[in-house]
Amino acid sequence: MRILIFGATGMLGNALMRVWTGDEVVGLGSADADIRVPEQVEAQVQRLRPDWIVLSAAYTDVDGCELNPELARAVNTHGAINVARAAANSGAKLLFISTDYVFDGTNTTPYATNHPRNPINHYGRSKAEGEAKIMEILPHACIVRTSWLFGAGGKCFPDTILKLAATRPQIEVVNDQRGCPTYTDHLASVIVQLCGAGAEGIIHCTNSGECTWYDFAREILVQADSMTKVLPTTSDKFVRPAKRPVYSVLSPASLSAYGVSMRPWQQTVAAYLAQRS
Ligand SMILES: NC(=O)c1ccc[n+]([C@@H]2O[C@H](COP(=O)([O-])OP(=O)(O)OC[C@H]3O[C@@H](n4cnc5c(N)ncnc54)[C@H](OP(=O)(O)O)[C@@H]3O)[C@@H](O)[C@H]2O)c1
């Protein structure tokens, strides 16, 4: 198969470019095609004639999106529309990477794929609208929702915690948001499998289990043999422009239907630490 990845220069894009073997893969960054510009997207898709397009490109700075909602909509909603139209024109299949932030966080049990979208910040709104528009243009598109990504080749939570721990005896981390960390290398391998299986519809793909950011930080520092102490705190002590869902764990049922399961998040911390060193 011929694969075209938009967002290949990002954190997940880096992992996709590393793990995707056995197919002909072309990766593009924003310098190659700005997804806000339909002509640039159309030209690349017509030039490369892919079987699959993976749309990982997005404006992912959640607080930045809150301060600049027009940019969030331009990239995450209109960019998605532009890529979906180009895919429809060329007959390519589309896999769109979306987010747990399409939900409001009021659940107390894992979100099913058909749970109504109700985002509480501009990033979530721009991605939720992108999902809806893609489904209108390409009803057979595949939408992969994931959460709390970390991995090589990007700014991520474990890297930030390890850098802070290198200079501080203790750090405070919020203990009132629950989600599931997801290692980009694992997610990338699952995306390869899903494309190979001709996947369609909404699929939730995260590592298994759930935790708070505090639990996640503690696990990172225990596994890294750090002496730095982690203290639990609450989100009201770290006021940020965008509200975050309190609970955004995604149910694995839709992925299990493809016979795929993802490892517990704690195991992926070990894999990331080994990769980082
Ligand atoms: N990070 C998370 O925790 C998280 C959680 C859930 C879902 N997601 C979703 O997962 C996907 C990948 O996230 P990530 O963290 O790997 O992203 P990232 O590291 O922030 O990378 C973003 C990518 O998007 C590209 N991009 C940005 N604006 C663009 C534009 N106007 N035109 C073309 N390309 C543009 C960037 O290209 P350049 O670098 O070349 O400018 C880069 O390749 C995104 O769709 C995101 O919404 C992320």
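The structure this text deals with has already been given above.
Residues numbered from 1 in each chain as written. Predicted model: local features only at pLDDT ≥ 70, side-chain atom pairs only at ≥ 80, totals over all residues. Heavy atoms only, no water.

Novice: Provide a residue-level description of the side chain of serine 56, including the pertinent values.
Specialist: Here serine 56 is to be found in the loop between β3 (52-55) and α3 (62-67). The class for serine 56 is buried, based on a relative accessible area of 16%. (Helix = DSSP H or I, 4+ residues; strand = E, 2+ residues; numbered from the N terminus. Buried < 20%, exposed > 50% of the residue type's maximum accessible area, 1.4 Å probe, protein only.)

Novice: Quick one: what's the story with the site of the ligand, residue by residue and with numbers?
Specialist: Surrounding the ligand, one finds 25 residues, the nearest of these being Thr9, Leu12, Ser30, Thr60 and Tyr123. A distance of 3.1 Å separates an oxygen atom of the ligand from a polar backbone atom of serine 56. Between an oxygen atom of the ligand and a main-chain N or O atom of alanine 58, the distance comes to 3.2 Å. Burial of the ligand by the protein chains amounts to 80% of its free accessible area of 910 Å². When residues of the shell around the ligand are traced back to their parent elements, those giving at least two are α1 (11-19), β4 (93-99) and α5 (122-137). A total of three residues in the shell around the ligand trace back to one element, the largest contributor, which is β4. Broken down by class, the residue content of the shell around the ligand amounts to 11 nonpolar, 11 polar and three charged. (Near = heavy atom within 4 Å. Polar contact = N/O pair within 3.5 Å; in protein donor to acceptor, adjacent residues only side chain to side chain. Areas by Shrake-Rupley, 256 points an atom, 1.4 Å probe, with all protein chains shown as cover. Nonpolar A, V, L, I, M, F, W, Y, C, P; charged D, E, K, R; others polar.)

Novice: How would you sum up the nonpolar core? Please name residues and give values.
Specialist: Considering soluble globular proteins, one finds that nonpolar side chains tend to be buried as a cluster. In terms of nonpolar packing, the biggest core is built from 31 residues, with Phe6, Ile35, Ile53, Leu55, Val83 and Leu94 touching the most fellow members. Put simply, the parts of the chain that give this core at least two residues each are β1 (2-6), α2 (38-48), β3, α3, α4 (69-90), β4 and α5. Residue contributions to this core peak at seven residues, all from α4. Apart from residues lying up to four places away in sequence, leucine 55 is in contact with Phe6, Ile35, Ala80, Val83, Leu94, Leu95, Phe96 and Ile97. In this structure, Ile5, Ile97, Ile203 and Val260 belong to the second largest nonpolar core, which totals 26 residues. (Core = buried A, V, L, I, M, F, W, Y, C linked by side-chain atoms within 4.5 Å. Contact = heavy atoms within 4.5 Å.)

Novice: Outline the sheet that holds strand β5 (residues 142-146), listing residues and values.
Specialist: Backbone-to-backbone hydrogen bonds pair the strands of a sheet. The strands run either parallel or antiparallel. The sheet built from six strands is open, its strands ordered β2-β1-β3-β4-β5-β10 with parallel pairing. Of all strands in the sheet, those with a lone pairing partner are β2 (24-28) and β10 (201-204), marking the two edges. Ignoring strand direction, the axes of neighbouring strands in this sheet form an average angle of 20 degrees. Pairing of β3 with β4 involves four bridges; the strand directions are parallel. Counterpart to leucine 55 in the pairing with β4 is phenylalanine 96. α5 rests against β4, β5 and β10 of the sheet, and its axis sits at about 155 degrees to β4. Contacting β3, β4, β5 and β10, helix α7 (residues 184-196) runs over the sheet at an angle of about 150 degrees to β4. (Pairing = 2+ DSSP bridges. Axes fitted to C-alpha atoms, helices over the stretch in contact; angles between N-to-C directions.)

Novice: Please provide a residue-by-residue account of the pairing of β2, values included.
Specialist: Alignment of β1 against β2, held across five bridges, turns out to be parallel. Looking across to β2, one finds that phenylalanine 6 is bridged to leucine 28.

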